[in-house]
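Below are the chains, spelled out letter by letter.
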Amino acid sequence: MSEARRAETLTALRRLRGRGTLGDVAAEAGLPTEDVRQSLKALLESHRGQLAVSDSGELLYDFDPRLIERGTEPLYHRVKRATGKALRGGFKAWIVVMLVSYFILFVVLVIAALFANQKGGRDSRGGGWGGGRRHGGFHMPNFFFWYWIWGPRWRVGRPYYGHKWERTLDKDDKVPFYKKVFAFVFGPDRPRPTQQQRDRGTIRLIRSRNGVLTTAELVEHMATTFPEAESEMGRLLGAYDGEAVVSPDGELVYAFPALMTSAHETKRSRPPNPAWLRLEPHLELTGNTGGANAAVAGMNSFTLLASATSPWFIFPRLGLGGTAALVGLVWVPVAFSLLFFAVPFARTLALKLENRRRRRRNVRRVMLGLVYRKALKDAAPVGAGEAHRYVTSRLKDQAVDGRDVEAELHSLAAELDADVTTDDAGAMLFEFPALRRAFLASDAVRRKLELEKRTLGDIIYSTSDTTAESGARDGALFDRALEDARVDVERHLPALDRVGFEDEYELVAFDEELARSTASIGPRGSRTGRRG
């Protein structure tokens, strides 16, 4: 497909305000339908859009009317982010220099003042710095001190995700002290997985489902809203050469035959954990161990105390005075030390808000497990009371607000077009037949395509069956698969009664380890960069 055809298709979509069938776009662009189909698939990957099914069963391409590209960011925000990153880097370096330098300086001054005080007499004012030198003076810290400040195998710019992540490192990969100083002030580094890293889990999901997926199954993996999952599915279609299929019951199913082509006998991937086994952990203020925080806070507290009391303790004994000494040894270190403590204190509010959002997202993830179990395994309704008890029992270490549970239940009911009834007490009950229909549709297409057997033929349905007969046959086959082979619930949805947490750094760990291994191999395969 040429860029010219893609540009013409994009122009036609603009005239159609981003919405139309394959025929609409082909007629508007004046291009062959196959070229338009390929262009639309590519545009789904690069622009915000999704697929829908019309009442007649026709595929409908639904893009944002402004045809915004995915991942676009205004120039102002890009410049602002780059400038902020540079300023933060310089500020971090300044913090370490100030903390270590002033700490060492005041250790020297306090020791010198103590020696001057022990000497006594009227010449204590004149002893000053010379007295310190006569008693051995100050020598630069030895190698072990700098080893503590700087890890010999540590690469500049390598992130530090906190002490839990640190425990997963090789014992020789010592995190330098300056990274823990940064974490004390600004918090630990936050992983920023790339799209490629995020897609790995999704591709594993697709391959574990024999190359066939529905939006409901993608929500099971991503825990996003259904509209967000539909948009993401559009991107996956373009990125991984997928095809959209409409089942006899009008359900939209997505097939990815190219992902099932393999040179190995076993193509089935181990399925990734569903969203309720990948809850978001509680964020820590610093990410450091208690000992590391105590060391950083102790250094800064010593600097603050020594600088604040230096006009009465250090200055008289060492004969210091004047504006320069007052500014350099009192005002600057006191202001720095107070700011050093003020920044993490101010961060606590933002951290509480973020953890509140994480708890809310975890409630949704746990709710998904309950709703999927009820729809696919029990075929029973869900009430707010049951949902609250279920979520509370799974999130024992987190405070669960009943309003959050009820809000997420109503949100899922709206996204899945749930059937609403009431019990004898008047409480609302929600049933999710649409979720079961989605899994029925994907299972039916999965059996027909048999992509795991490499039968990549056309999608053919029996025209002799009515819609009711086809639906009944697929439903019976699906129920038999659940009972006999436990195809979907047991294999595709593991641990419906459990929850688990996943740290964000696990998404980027493989690439970072690969980069470190590559960097440590010399031009002839010899290891480099190992010192100490």
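Residues numbered from 1 in each chain as written. Predicted model: local features only at pLDDT ≥ 70, side-chain atom pairs only at ≥ 80, totals over all residues. Heavy atoms only, no water.

Some details on the confidence of the model for the protein chain
Per-residue pLDDT for the protein chain has a mean of 79; in total, 76% of the residues score no lower than 70. Counting contacts from residues 121–140, a segment whose pLDDT is below 50, to residues more than four positions away or on other chains yields 18 contacts. Below pLDDT 50 for its whole length, residues 484–490 participates in 19 contacts with residues either more than four positions away or in separate chains. (pLDDT = per-residue confidence, 0-100. Contact = heavy atoms within 4.5 Å.)

Looking at the sheet that holds strand E9 (residues 428–431)
The strand order E7-E9-E8 describes an open sheet built from 3 strands, whose pairing is antiparallel. Because the sheet does not close on itself, it has two edges, and the strands there are strand E7 (382–383) and strand E8 (419–422). Here 2 bridges tie E7 to E9, and the two strands are oriented antiparallel to one another. Pairing of Gly383 across the sheet is with Leu429, part of E9. (Pairing = 2+ DSSP bridges. Helix = DSSP H or I, 4+ residues; strand = E, 2+ residues; numbered from the N terminus.)

Describing the pattern of salt bridges
With the rule as written, the count across this model stands at 29 salt bridges. Ionic pairing is found between Glu217 and Arg209, a salt bridge with its closest N-O pair at 2.8 Å. You'll find Glu217 and Arg209 in the same group, each marked buried. Close ionic contact of Arg437 with Glu251 constitutes a salt bridge, the shortest N to O distance being 3.8 Å. Here the residue Arg437 occupies a position in helix H16 (residues 433–449), and Glu251 occupies one in the loop between strand E5 (243–246) and strand E6 (252–255), the gap between them amounting to 186 residues. (Salt bridge = Lys/Arg side-chain N within 4 Å of Asp/Glu carboxyl O. Buried < 20%, exposed > 50% of the residue type's maximum accessible area, 1.4 Å probe, protein only.)

Here we look at helix H14 (residues 384–394)
Residues of H14 that are buried: Ala387, Tyr390 and Val391. Each buried residue of H14 sits inside an arc of 95° when the element is viewed along its axis, so together they form one side. Taken together, the buried residues of H14 touch helix H13 (323–378), E7 and helix H15 (402–415). (Arc of directions from axis to C-beta.)

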